[in-house]
Amino acid sequence: MILALRALGVGDLATAVPAVRALRAAYPDQQLVLAAPAWLGPLVELVGGVDRLLPTDGLDRPVRPTGRVALAVNLHGRGPRSHRLLAAARPDRLIAFANAEAPHADGPRWDDDEHEVSRWCRLLREYDIPADPTNLDLRRPGPGLAAGGVTVLHPGSKESAKRWPAARYAALARELTGRGHRVVLTGSASERDLVAGVADRAGLPAAAVLAGRTDLAQLAALIAGARLVVSGDTGVAHLATGYRTPSVVLFGPVPPARWGPPPERRRHRALWAGARAWPEWDGVGDHPTMVALGVDEVLAAVDEVERVVRVDRAVAA
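Residues numbered from 1 in each chain as written. Predicted model: local features only at pLDDT ≥ 70, side-chain atom pairs only at ≥ 80, totals over all residues. Heavy atoms only, no water.

This part is about the overall build of the protein chain. If you tally the helices and strands in the protein chain, you get 12 helices and 10 strands. In terms of overall dimensions, the protein chain is globule-like: its C-alpha atoms have a radius of gyration of 20 Å, near the 20 Å expected for 317 residues. Once the C-alpha set of the protein chain is aligned to its principal axes, its extents read approximately 60 × 45 × 40 Å. Out of the 317 residues in the protein chain, the part that is buried amounts to 54%. A separation of at least 24 residues holds for 61% of the contacts in the protein chain among residues at least 6 apart in sequence. In the structure as shown, the protein chain presents an accessible area of about 14300 Å², 50% of it carried by carbon and sulfur atoms. (Helix = DSSP H or I, 4+ residues; strand = E, 2+ residues; numbered from the N terminus. Rg over C-alpha atoms; globule rule 2.2 N^0.38 Å. Buried < 20%, exposed > 50% of the residue type's maximum accessible area, 1.4 Å probe, protein only. Contact = heavy atoms within 4.5 Å. Areas by Shrake-Rupley, 256 points an atom, 1.4 Å probe, with all protein chains shown as cover.)

Here it is in structure tokens:
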């Protein structure tokens, strides 16, 4: 079997899609097992090519595949913990970045500034496995899982530094509603109060608050059929890229050069103010790089992606 480790979240799996597909293409006759959190199962199905999901949440517990591991591939990190976790499965061979602590010398060097998609494709190419970083499209979910044509705003993030101010999401929701958008607000169950507060400020009905009310398959279907997505640097943004759904992604301290949508996908815009000089953030309140992004700037980006959509439709017609 081929065992690949990516025990992280939605955006992490979405950025590893080209590498996972490259492994499938390189080893068509081998069972491909992905070690990832069980709750990502619906998204793994939409990636395609994975024969089995081995539930693995983080690096604290051993990975115990059933059967001989011909090849283990570390798509999780630079090591040494992730390297050791895979080495404990006793693979015949390990593909991973070089790490002296693991120890693992047979691998390319890690580059902190590399885009996440390019990183894992480069790793595989170093081991003579062709990988196409543009192969990001996800399978479409089944019909009827979510309403189509809505505009999705996603105010939350696991990292507070990546959150745009809630008041600005509310102002954006009001403006887009006035333009005829059917706005809905997504988020996790733990973000429901945040999202409900945005809805209240924006004058949206309770039905527009979807935080904690969608499972992963329903969320993917919602994004796949949406008119527009506006979010921070989160998994929702990567789903929008995977479905070519027009999106505006608001980046905080981490630059889009590392996690942003690829430039050849013209229906996406990444906004970032992090290149400017900022005082050190004390963790209180909103991060200054997010505060620097105004509602007018986001609306201008919305106009840009919607113009691209109109041009694409005209050309297709």
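The next subject is the sheet that holds strand β8 (residues 228-232). Pairing is parallel across the open sheet formed by five strands, whose spatial order is β7-β6-β8-β9-β10. Here the strands that pair on one side only, and so sit at the sheet edges, are β7 (183-185) and β10 (268-272). Recorded for the sheet is a direction-independent mean angle of 15° between the axes of neighbouring strands. In this structure, strand β9 (residues 247-251) lies alongside β10, joined through five bridges in parallel fashion. Paired with L250 across the strands is L271, a residue of β10. Contacts from helix α12 (residues 295-316) reach β8, β9 and β10 within the one sheet, and its direction differs from that of β10 by about 160°. (Pairing = 2+ DSSP bridges. Axes fitted to C-alpha atoms, helices over the stretch in contact; angles between N-to-C directions.)

Attention shifts here to α12. Look at α12: 32 Å from first C-alpha to last across 22 residues, which is about the 32 Å you get at 1.5 Å a residue. Turning to α12, its buried residues are V295, V298, L299, A301, V302, V305, E306, V308 and V309. Those residues of α12 that are buried are in contact with α6 (166-178), β8, β9 and β10. (Expected span 1.5 Å × (residues − 1).)

Using the criterion set out here, one finds four aromatic pairs in the structure. When the centroid spacing of 5.2 Å and the interplanar angle of 75° are considered together, the rings of F97 and W110 count as edge-to-face. Pair noted here: F97 is in the loop between β5 (94-95) and α5 (116-126) and W110 is in the loop between β5 and α5, with a separation of 13 residues, a long-range link. Aromatic side chains W164 and Y169 sit 5.1 Å apart centroid to centroid with 80° between the ring planes, which places their arrangement in the edge-to-face category. Like Y169, W164 is buried. (Phe/Tyr/Trp six-rings, centres within 6.5 Å; stacked < 30°, edge-to-face > 60°.)

The subject of this paragraph is the pattern of salt bridges. Oppositely charged side chains may form a pair once their charged atoms are brought near each other. Per the counting criterion, the structure on display carries 17 salt bridges. Between E116 and R119 there is a salt bridge, with its nearest N and O atoms 2.5 Å apart. Of this pair, E116 and R119 are both found in helix α5, three residues apart, which corresponds to roughly one turn of the helix. Taking the relative accessible area as the measure of exposure, E116 reaches 6% and is therefore buried. Measuring nitrogen to oxygen at the nearest pair gives 3.1 Å for the salt bridge that ties R244 to D137. (Salt bridge = Lys/Arg side-chain N within 4 Å of Asp/Glu carboxyl O.)

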